[in-house]
Amino acid sequence: MRPSFHEIQIAAYDRWERRGYSHGGDANDWLDAETELTFLGHYRSIAEHPLDAGRVVLGDGPNRRCRFCERTPRQVDFGEPRPIVPGRRSPVTAEVCGECRGDWLDALDQEFRRFWDRLANDPHTPLSTPAFKAIVAGALAVMPAGMLPDFVDAIEWVSNPDHDLDDRLIAGAECRVYRAGFLHQDPGVSLYRRVDDDDPVPFLMDFVRGDGIMIQVPLPMCLRDEDLDGRSIVHLARAPFGGTGYEYASSRAERLPLAVSVRRAPARRIPSAIAS
Ligand SMILES: [Zn+2]
């Protein structure tokens, strides 16, 4: 699971080579190589979808159902396939019905676009519950269909337009944000699942990258993570890199915690002696 000294040495050397063997930064090369190898030792990629790379339609087979309400095209109108990342042309999914879109998903899409555009320019952008739901809904739309039963609670939660309901279930949720010039290239969505089911790391990690940023979100409310109860779950970060020579950059994670709803923030107790 953990990378060996030798593996880190090779990966750190690779980064140094990419930097054009320039001096200084060896400690960072080592740290970044160890971070990335540790992540890749615990996870494997199960889905990779490039964005803006020509139209691809996902889930348009004969037995399609809406991924959120499970209805079929005989029961509900599906309309046009929907982009898996709001505001991007490709790929699109045919597995979301028109009613789910009209009832709650279109509103989340708008929230996501606002969040993403702001985050690309402002590191202090808050992560709201609707934006977080939109990211989770995007992952639910592209994960292998066989995994959906592990996310029944997440499906119910994202499709509920009352964003304050069940917010205790996502207390402490956060995403990680990476920022670097090379993240303008090859925009895409990736999903990684943990290799070992006894490993105390979240079952599924979602990544969305483009516009100079990448966000990493551990998918909440996964039934497979409940087996780990009693053990604290570790959220592993990554250290993606790109460019060569002076343009080489390795990007570190910044934490972006979910902003707590103001309406539901616990009321402060005023000691009676002061209150009276
Ligand atoms: Zn639906």
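Reading the values: rules and limits
- Residues numbered from 1 in each chain as written.
- Predicted model: local features only at pLDDT ≥ 70, side-chain atom pairs only at ≥ 80, totals over all residues.
- Heavy atoms only, no water.
- Donors = N, O, S within 2.8 Å, 3.2 Å for Na, K, Ca; no water.
- Tetrahedral: all angles 85-135°; square planar, octahedral: opposite > 155°, others 65-115°.
- Pairing = 2+ DSSP bridges.
- Helix = DSSP H or I, 4+ residues; strand = E, 2+ residues; numbered from the N terminus.
- Axes fitted to C-alpha atoms, helices over the stretch in contact; angles between N-to-C directions.
- Parallel < 35°, antiparallel > 145°, perpendicular 65-115°, else oblique.
- Contact = heavy atoms within 4.5 Å.
- Nonpolar A, V, L, I, M, F, W, Y, C, P; charged D, E, K, R; others polar.
- Expected span 1.5 Å × (residues − 1).
- Buried < 20%, exposed > 50% of the residue type's maximum accessible area, 1.4 Å probe, protein only.
- Salt bridge = Lys/Arg side-chain N within 4 Å of Asp/Glu carboxyl O.
- Core = buried A, V, L, I, M, F, W, Y, C linked by side-chain atoms within 4.5 Å.
- Arc of directions from axis to C-beta.

**Q** Outline the coordination of the zinc ion, listing residues and values.
**A** Ideal geometry at a metal gives 109.5 degrees between four tetrahedral donors and either 90 or 180 degrees between six octahedral ones. Bound to the zinc ion on the protein side are Cys66 (SG), Cys69 (SG), Cys97 (SG) and Cys100 (SG), at distances that span 2.3 Å. Geometry at the zinc ion is tetrahedral, judged from the four donor atoms that bind it and their angles of 105 to 117 degrees at the metal.

**Q** Provide a residue-level description of the sheet that holds strand β11 (residues 254-257), including the pertinent values.
**A** Across the sheet, six strands lie side by side as β1-β6-β7-β8-β5-β11; this open sheet has antiparallel pairing. Looking at strand neighbours, the two that pair on one side only are β1 (43-50) and β11, the edges of this open sheet. Between one strand axis and the next, the sheet turns by 20 degrees as a mean value, whatever way the strands run. Sheet analysis places strand β5 (residues 174-179) next to strand β8 (residues 213-218), joined by four bridges and oriented antiparallel. Looking across to β8, one finds that Val177 is bridged to Ile215.

**Q** Lay out the packing of helix α3 (residues 98-119) against helix α4 (residues 129-142) with the relevant residues and their values.
**A** Packing of α3 against α4 leaves a shortest axis separation of 8 Å and a crossing angle of 105 degrees. In terms of orientation, α3 and α4 fall into the roughly perpendicular class. Of the residues in α4, those in contact with Leu105, Leu108, Glu111, Phe112 and Phe115 of α3 are Pro130, Ala131, Lys133, Ala134, Ile135 and Ala137. The residue inventory of the contact of α3 with α4, partitioned by class, reads nine nonpolar, no polar and two charged.

**Q** How would you explain helix α2 (residues 26-42) if you had to name every residue and give the values?
**A** With 17 residues, α2 ought to run about 24 Å at 1.5 Å a step, and its terminal C-alpha atoms sit 25 Å apart, in line with that. Those residues of α2 that sit buried are Asp29, Asp32, Ala33, Glu36, Thr38, Phe39 and His42. Those residues of α2 that are buried lie in contact with α1 (5-18), β1, β6 (188-194), β7 (204-210), β8 and β10 (249-250).

**Q** I'd love a proper account of the sheet that holds strand β2 (residues 57-58), names of residues and values included.
**A** Here three strands make up an open sheet; going across it, the order is β2-β4-β3 and the pairing mixed. Each edge of the open sheet is held by one strand with a lone partner, namely β2 and β3 (82-83). Examined bridge by bridge, β3 and strand β4 (residues 92-93) share two bridges and lie antiparallel to one another. When the sheet's bridge partners are listed, Arg82 is paired in β4 with Thr93.

**Q** Can you explain the pattern of salt bridges? Please cite residues and give values.
**A** According to the stated counting rule, one finds 17 salt bridges in the structure shown. We note a salt bridge from Arg252 to Asp32, for which the minimum N-O separation is 2.7 Å. In this pair, Arg252 is assigned in the loop between β10 and β11 and Asp32 in helix α2, connecting sequence segments 220 residues apart. With relative accessibility at 4%, the residue Asp32 sits in the buried group. Among the ionic pairs, Glu95 bridges to Arg67, the shortest N-O distance being 2.8 Å.

**Q** Before we move on, can you summarise the nonpolar core with the specific residues and values?
**A** Ranked by internal contacts, the top residues of the largest apolar core, which has 54 residues, are Phe68, Leu127, Phe132, Leu140, Met143 and Phe151. Sorting the residues of this core by element identifies α3, α4, α5 (152-158), β5, β6, β7 and β8 as the ones contributing at least two each. The leading source of residues in this core is α4, at nine residues. When sequence neighbours within four positions are dropped, the list of residues in contact with Phe68 reads Val96, Cys100, Trp104, Leu105, Ala137, Leu140, Ile155 and Val158. Listed in part, the 13 residues of the second largest apolar core include Ala180, Leu183, Tyr192 and Val201.

**Q** Kindly report on α1, identifying the contributing residues and their values.
**A** The terminal C-alpha atoms of α1 lie 20 Å apart, and with 14 residues this matches the ideal 20 Å at 1.5 Å per residue to within 8%. Among the residues making up α1, those that are buried are Ile8, Ala11, Ala12 and Arg15. Take α1 and look down its axis: the buried residues cluster within an arc of 100 degrees, on one side only. Along α1, exposed side chains directed more than 90 degrees from the buried face belong to His6 and Ile10. Against the buried residues of α1 lie α2, β9 (241-242) and β10. Directly beyond the C-terminal end of α1, a positive phi value near 80 degrees is found at Gly20.

**Q** Let's hear about unusual backbone geometry: which residues, and what values?
**A** Even without glycine at this site, Asp52 takes up a positive phi of about 60 degrees. Positionally, Asp52 belongs in the loop between β1 and β2. Take Asp52: its relative accessible area is 44%, and that puts it in the partly exposed class. Non-glycine residue Asp211 carries a positive phi angle of around 55 degrees. With respect to the element layout, Asp211 can be found in the loop between β7 and β8. With a relative accessible area of 31%, Asp211 lands in the partly exposed category.

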